[in-house]
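Fold and geometry: a report
Letter by letter, the chains look like this.
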Amino acid sequence: MLLESVRVLDLAGGDADAVTRLLADLGADVLKVEPPGGSPARTAPPLLGGVSIAFALHNANKRSLTLDPADEADRRRFDELAAAADIVVDSGPADFGTSHFGTSCAELADRFGHLVTMSVTDFGMSGPRSHWRATDAVLYGLSGALSRSGPTSGTPVLPPDGIASATAAVQAAWAVLVAYYNRMRCGTGDYIDFARFDAVVTVLDPIFGAQGQVAAARRGPSRWRGRPRNQDAYPIYPCRDGYVRLCVMSPRQWRALWAWLGEPAEYADPRFGVIGERFAVWPQISVLVRELFADQDMAELVAAGQARGVPIAAVGEPAQVLAGEHFAAAGAAVTAELAPGVPALIPTGYYVVDDHRAGFRTPAPVIGANDTGWLTESAPVPVPDAAAAIGSRPFDGIRIVDLGVIVAGGETSRLFGDLGAEVIKVESAAYPDGLRQTRAGSAMSESFAWTHRNNLGFGLDLRSPAGKEIFGRLVGGADAVFANFKPGTLAALGFSYDALRGINSRVVLAESSAFGETGPWSDRMGYGPLVRATTGVTALWKAPAGTAGTPDTGRHPFYDATTVFPDHVVARVTAIGALAALISARRTGAGVHVHVSQAEAAVNQLDTCYVARAAGASVAPDTAVDLVCPCAGDDEWCVVSIRTDDDWHRLTAAFDDEGLAADPRFGTGAARTAHRTQLVEQLSRHTGRRTPADVGQLLQAAGVAAAPMNRPPDIAEDAQLAHRTVFADMTHPLIEHPLPAETGPAPFRNIPAARQRPAPLPGQDTRAICRRVLGLDDDQTERLIAEGVLFAGGSARLDEGEAKLGPPQEPGGSARLDEGEAKLGPPQEPAG
């Protein structure tokens, strides 16, 4: 188990339970502290057999201990456990946690210098919104995700409930593990004031972050305030038994679709291989696609398209995904007990480690089942080294050889580069990273600048024997290799994990792919939109039945085309696995192979929803409602979440509407759910004459979760984000305007903000890497460049990057590597 020496004291509750579940999956000893009656989250709907599905899922692999804060012996016990822990997590003073024991996470970090502590709250412990309440709907509204989801006019469409909270949990787990690794390096713990809002803004579907390959060529400095003008960038078409989605990106994929359509002469011009040219005539092409697809089944179309090399997927139903053949064959879903006597079909977790599942092992514990202390020996804590801590970053000295591309791959390495790692981005001249496509007249896209900052650009042809030898020498001096190709690509190149480990026994290989390494979907072409369709996320991303004000009649009902989910969150999930592997390698001296499936990540993000749907009518549903209501102004909206009857009473009192309070259609959760459309109409009488900001302020002051729908410019000017310094301007010499960029995964006490070395041009640092890392002399390097084994991008100044290149490394061997047709690029279809 990768984190078997890590002790985690868990006082979190509700949505924060998922943070420590991630650590438990990777082997940490997580001891959950509950009050004598148990955590209130144990009764949170939806319920199966009286058991909270969310609590059961997010507390698997943990142990439970009950402590009574009113009992002096239990208070001493708490102090003893905290003093011997490595990590302490709670949900802030509003929930049962450290405050009930007369302390706080911040104070514990002061008392015990080795501890890493984290408070997970909705908006952080300070700032103008620190007292606000958040639901997923509120986070979608404030983060800008809602403003990009839905028709071009009319009511916006909320993304599926659960994604925002799960995304925040992943970012929290990444942040706390980063601080733990930093403690391993310098002996000093940390305190993290973690805000779920910050995480959703920067990770779920970031306004200031990579928007994917299609968008890379069309973004500019202006921030569109209107609603998305194209909700079908990844078009969906009806067929005989449902819907299918296309995701045609490369010229080769377009040629395959063109041939499938019967090679229509009007689209034979090679210029239609360019995305922009093709989009201009897509309405006409769509007529042909609709005619081809109309009388065929989803399965027939997917099989035919995949065989031809056309990226296509069926729009699956969530209830069928977990029980389907792929998840069963991959071991990604199992039937297990949520609680004694309560079986359910559940997703097993995010990770495959050395070809074994690292996920669900034991069900959530019964209340107070574990009266023992820690089960494992904690790793020794270095003597605090002030010199090592001041001005340095957690991953200083780590070298990563990065084959990752587009969003999911590129962002994984960027997370390490931000925090000090030397990231060598290996790139092919023939098939550059998809984010390098840009607008005419621009040298670099904003998406590439955001995603690949703090990278060094190394140009290498991995198809050639000499290129393979060079790559092997890079691996020999590396701590990790990152990739996100279709399974089998690295092996076809001659670099399976066994081959990499033969070169460097300590090397970590962290990979992600669209559908994982095993199972019948594993060889499918995969991009995020196809993953969403196949796994059922697309089917969940639609307006509730009866929603008014949605004018796109005759169109399919799905609205997930403008999101980049799950790419950004998969990058964090992969980074967590990679860091856990590096922690293990540091302890054992042995490398590790970690693999993450985007499809499995998407389902695990929505695990409560999927398990509830798979269980069907036996589930007692959650009757909370999240509503999108019109406000004063042109196309202005707010979100209102009514979770309980108490919320309802507070809301009607805030609007001073006694008639609404007495209306029997809305008096209970079940009634509000049944009369959702009428409820929105009634609330619109009040919201429609107020601005979105006024509605948010009024209802939050009354204790009701509500918020305005923000647009991109609002994010840039958000007072809460500014207070917490979530963004800082990043400059790039090839981009005229500064780019707001995240300053790090969370506010740390002892870890500096992210570095901002500009993203490289292709091959920009090739010569420096040859000289400083590989120990090649200039003549050797120039010969390899002349032969096409390497390529270099001119003489751009290297600044900080060249200075940080380490000394030459001894080559790590060169087992003979067979040439194959595998390439770094479209033939292997990167996942994201």
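Rules of the game
- Residues numbered from 1 in each chain as written.
- Predicted model: local features only at pLDDT ≥ 70, side-chain atom pairs only at ≥ 80, totals over all residues.
- Heavy atoms only, no water.
- Pairing = 2+ DSSP bridges.
- Helix = DSSP H or I, 4+ residues; strand = E, 2+ residues; numbered from the N terminus.
- Phe/Tyr/Trp six-rings, centres within 6.5 Å; stacked < 30°, edge-to-face > 60°.
- Buried < 20%, exposed > 50% of the residue type's maximum accessible area, 1.4 Å probe, protein only.
- pLDDT = per-residue confidence, 0-100.
- Contact = heavy atoms within 4.5 Å.
- Polar contact = N/O pair within 3.5 Å; in protein donor to acceptor, adjacent residues only side chain to side chain.
- Axes fitted to C-alpha atoms, helices over the stretch in contact; angles between N-to-C directions.
- Parallel < 35°, antiparallel > 145°, perpendicular 65-115°, else oblique.
- Nonpolar A, V, L, I, M, F, W, Y, C, P; charged D, E, K, R; others polar.
- 1 Å grid on protein atoms, 1.4 Å probe; cavity = no way out; pocket = protein on both sides within 12 Å on 5 of 7 lines; lining within 4 Å.
- Points joined across faces, edges and corners; volume = space filled by probe spheres on them.
- Core = buried A, V, L, I, M, F, W, Y, C linked by side-chain atoms within 4.5 Å.
- Left-handed = near helix turned anticlockwise from the far one by under 90°.
- Salt bridge = Lys/Arg side-chain N within 4 Å of Asp/Glu carboxyl O.

- With an unreviewed UniProt entry as reference, the chain is termed CoA transferase, source organism Mycolicibacter terrae.

1. So, the sheet that holds strand E22 (residues 619–620)
- Strand order in the open sheet formed by three strands is E4-E3-E22, and the pairing between neighbours is antiparallel. The sheet terminates laterally at strand E4 (51–52) and E22, the two strands that pair on one side only.
- Note: strand E3 (residues 47–48) against E4, two bridges, orientation antiparallel. For Leu48, the partnering residue across the bridge sits in E4 and is Val51.

2. Let's talk about the packing of aromatic side chains
- Under the counting rule described, the total for this entry stands at 20 aromatic pairs.
- Ring plane angle 50 degrees and centroid distance 5.4 Å describe the contact between Phe123 and Phe197, whose orientation is recorded as tilted. With Phe123 in the loop between strand E7 (116–121) and helix H5 (136–143) and Phe197 in helix H7 (residues 196–204), this pair connects stretches of sequence that are 74 residues apart.
- Ring geometry for Phe327 versus Trp521: centroids 6.3 Å apart, planes at 80 degrees, classification edge-to-face. Of this pair, Phe327 sits in helix H14 (residues 325–329) while Trp521 sits in the loop between strand E20 (508–513) and helix H21 (528–535), placing them 194 residues apart in sequence.
- Under the relative-accessibility criterion, Phe327 is labelled buried at 0%.
- When its relative accessible area of 17% is taken as the criterion, Trp521 is described as buried.
- Through successive ring pairs, a cluster of aromatic residues spans Trp174, Tyr181, Phe395, Phe416 and Phe482.

3. Remarks on the confidence of the model for the chain
- Confidence along the chain averages 91 in pLDDT terms, with 92% of residues attaining 70 or more.
- Ignoring residues within four places in sequence, the model shows residues 794–831, a span with pLDDT below 50, making 103 contacts including any to other chains.

4. Describing H21
- With eight of its eight residues buried, H21 lies for the most part within the structure.
- Taken together, the buried positions of H21 are Gly528, Pro529, Leu530, Val531, Arg532, Ala533, Thr534 and Thr535.
- Looking one or two residues past H21, Gly536 carries a phi angle of roughly 95 degrees, positive in sign.

5. As for the side chain of Lys468
- Examined against the element boundaries, Lys468 turns out to sit in helix H18 (residues 465–476).
- Polar contacts involving the side chain of Lys468 include one to the main-chain carbonyl oxygen of Leu462, which spans 3.1 Å.
- Of note is the side chain of Lys468, whose polar atom sits 2.9 Å from the backbone oxygen of Leu493.

6. A short note on the packing of H7 against helix H23 (residues 567–588)
- In contact at an axis separation of 8 Å, H7 and H23 are set at 110 degrees when each is read in the N-to-C sense. Between H7 and H23, the crossing angle belongs to the class labelled roughly perpendicular. Where H7 abuts H23, its residues Thr202, Val203 and Leu204 lie against His568, Val569 and Arg572.
- Among the residues forming the contact of H7 with H23, the class breakdown is three nonpolar, two polar and one charged.

7. Here's the deal with the pairing of strand E10 (residues 242–246)
- Bridge analysis of strand E9 (residues 236–239) against E10 gives four bridges, and the strand direction is antiparallel. Bridging across to E10, Pro238 finds its partner in Tyr243.
- Between E9 and E10, which pair antiparallel and follow one another directly, the connecting turn spans two residues.
- Bridge analysis of E10 against strand E11 (residues 312–314) gives three bridges, and the strand direction is antiparallel. Counted as the bridge partner of Leu246 is Ile312 from E11.

8. Quick look at helix H25 (residues 607–615)
- Those residues of H25 lying buried are Asp607, Thr608, Tyr610, Val611 and Ala612.
- At the exit of H25 stands Gly616, carrying a positive phi of roughly 70 degrees.

9. A look at empty space enclosed by the protein
- The tally for this structure, following the rule as stated, stands at seven cavities of 30 Å³ or more.
- Here the largest cavity is characterised by a volume of approximately 100 Å³.
- As for the largest cavity, its lining consists of 14 residues, of which Phe208, Gly209, Arg414, Trp450 and Glu742 are closest to the centre.
- If you list the elements that add at least two residues to the lining of the largest cavity, you get helix H16 (406–418), H23 and strand E27 (735–742).
- Broken down by class, the residue content of the lining of the largest cavity amounts to six nonpolar, three polar and five charged.
- Empty space within the second largest cavity amounts to approximately 80 Å³.
- Residues belonging to the lining of the second largest cavity are distributed by class as follows: 10 nonpolar, no polar and one charged.

10. Side note on the pairing of strand E21 (residues 593–597)
- Buried residues dominate E21, accounting for five of its five residues.
- Covered by surrounding structure in E21 are His593, His595 and Ser597 together with Val594 and Val596, the residues of both alternating faces.
- As defined by bridge partners, E20 adjoins E21 across five bridges and the pair is classed as parallel. Residue pairing in the sheet places Ala510 in a bridge with Val594 of E21.

11. Focus on the nonpolar core
- Of all hydrophobic cores here, the largest spans 155 residues; its most connected members are Trp174, Tyr351, Phe395 and Phe416.
- Top contributing element to this core by residue count: helix H6 (residues 163–186), with 16 residues.
- Sequence-distant contacts of Phe416, defined by excluding residues within four places in its chain, comprise Trp174, Phe395, Ile400, Ala421, Phe482, Ala575, Ala578, Leu579 and Leu582.

12. Quick look at the packing of helix H9 (residues 251–260) against helix H11 (residues 282–293)
- One way to put it is that H9 packs onto H11 with a least axis distance of 11 Å and a crossing angle of 55 degrees. As judged from the angle between their axes, H9 and H11 are oblique. Between H9 and H11 lies a crossing of left-handed hand. Facing H9, whose interface residues are Trp254, Leu257 and Trp260, H11 presents Trp282, Ile285, Leu292 and Phe293.

13. Comments concerning the side chain of Asp29
- Within the secondary structure, Asp29 is located in strand E2 (residues 29–34).
- A residue is classified by how much of its surface remains accessible, and Asp29, at 7% relative accessible area, is buried.
- Look past the residues within four positions of Asp29 in its chain and what remains in contact with it is Val6, Arg7, Val8, Arg63, Trp374, Leu375 and Thr376.

14. A few points about the sheet that holds strand E23 (residues 625–630)
- On the basis of which strands lie adjacent, the open sheet formed by three strands has the order E23-E24-E25 and antiparallel pairing. In this open sheet, the two edge strands, each paired with only one partner strand, are E23 and strand E25 (706–708). Averaged over all neighbouring strand pairs, the angle between strand axes comes to 20 degrees, with direction disregarded.
- Across six bridges, E23 lies against strand E24 (residues 637–642) in antiparallel orientation. Each residue of the ladder has a partner; that of Asp626, found in E24, is Ser641.

15. What about the pattern of salt bridges?
- If you walk through the whole model with that rule in mind, you get 48 salt bridges.
- Asp17 is paired through a salt bridge with Lys32; the nearest N and O atoms lie 2.7 Å apart. Taken as a pair, Asp17 in helix H1 (residues 17–25) and Lys32 in strand E2 lie far apart in primary sequence, 15 residues in all. Grouping residues by exposure puts Asp17 and Lys32 together as buried.
- Taking the shortest distance from any N to any O, the salt bridge between Arg414 and Asp418 comes out at 2.7 Å. One end of the pair is Arg414 and the other is Asp418, both in helix H16 and four residues apart, which spans about a single turn. With respect to class, Arg414 is no different from Asp418; both count as buried.
- Because the salt bridges share partners, they merge into one network encompassing Glu411, Arg414, Asp418, Arg453, Arg572 and Glu742.

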